[in-house]
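Structure at a glance
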Amino acid sequence: MAVISGRRSRAAAARLEELGLAHVHLGREDKLVVLSGLLRDLGLEPAEVACAGDDVTDLEIMQLAGLGIAVADAQPAARAAAAWCTAVATARCARSATC
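Residues numbered from 1 in each chain as written. Predicted model: local features only at pLDDT ≥ 70, side-chain atom pairs only at ≥ 80, totals over all residues. Heavy atoms only, no water.

1. Some remarks on helix α1 (residues 10-18)
So the rule is basically this: Here a polar contact is recorded for every N or O atom pair within 3.5 Å, except that within protein the pair must consist of a potential hydrogen donor and a potential acceptor, and residues adjacent in sequence are included only if both atoms are side-chain atoms. What counts as a helix is a DSSP run of H or I of at least four residues, what counts as a strand is a run of E of at least two, and both are numbered from the N terminus.
Capping of α1 at its N-terminal end is provided by S9; its side-chain oxygen lies 3.4 Å from the backbone amide nitrogen of A11. Of the residues flanking the end of α1, it is G20, one or two places downstream, whose phi is positive at about 80°.

2. Some thoughts on the pairing of strand β3 (residues 50-53)
Cut-off, in case you're wondering: Buried means the residue's accessible area, taken with a 1.4 Å probe over protein chains only, is under 20% of the maximum for its type, while exposed means over 50%, and partly exposed covers the values in between. Strands pair, by our definition, only if DSSP identifies at least two bridges between them. Handedness rule for crossovers: strands pointing away from the viewer, path from the first strand over the helix to the second running clockwise, crossover right-handed.
Residues of β3 alternate between two faces, with C51 and G53 buried on one and A50 and A52 left unburied on the opposite face. Bridge count for β3 against strand β4 (residues 67-70) is four bridges, and the pairing is parallel. Note on β4: the bridge partner recorded for C51 is G68. In this fold, β3 hands off to helix α3 (residues 59-64), which returns the chain to β4; that crossover is right-handed.

3. Structural notes on the environment of R7
Quick reminder of the rule: Whether two residues are in contact is decided by their heavy atoms, any of which lying within 4.5 Å being enough.
Within the element layout of this structure, R7 appears in the loop between β1 (2-4) and α1. Separated by 76 residues in the primary sequence, R7 and A83 place their C-alpha atoms 24 Å from one another. Beyond its immediate stretch of four places on either side in the chain, R7 contacts L26, G27 and D54.

4. Focus: the pattern of salt bridges
What counts, and what does not: Should a side-chain nitrogen of Lys or Arg be within 4 Å of a carboxyl oxygen of Asp or Glu, the pair is scored as a salt bridge.
Taken as a whole, this structure holds four salt bridges when the rule is applied. Close ionic contact of D30 with R28 constitutes a salt bridge, the shortest N to O distance being 2.9 Å. Among the salt bridges present, the one from D58 reaches K31, with a minimum N-O distance of 2.5 Å. Residue D58 is located in the loop between β3 and α3, and its partner K31 is located in helix α2 (residues 31-42); the two are separated by 27 residues in the primary sequence. Judged by its relative accessible area of 5%, D58 falls in the buried class. On the basis of relative accessible area, K31 is assigned to the buried category, the value being 8%.

See below:
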C-alpha cells in the first residue's frame, strides 16, 4: 500500500509510520509522477493497482490505476471517474473501506 497526498500533516505522517507503510508521499502535487515511479520501482502494471481519491487532483492517478475508487464524500468529478464508490466517507478512512 502507498499513500500519495497533496496535503502535508505531521499527524498523518506519524500514523502512516505507525502502520508501517513504506511508500508515503505527502505534500505532493505531482501525483501521476509519483505513482508512475512507484509502478516502475515495484515492477507493477497499472492494471495491478487500485487508487482511492476524493478530488479532481486525483483524477489522473484514478484513471491510470486498474481500479479507480472514490470515497463517499468525493467531489462529483472524482465520483464520476471512479469504477467504484465506497459507502464510507474520507474522514472514516478509505483504507478501511477498501481493504
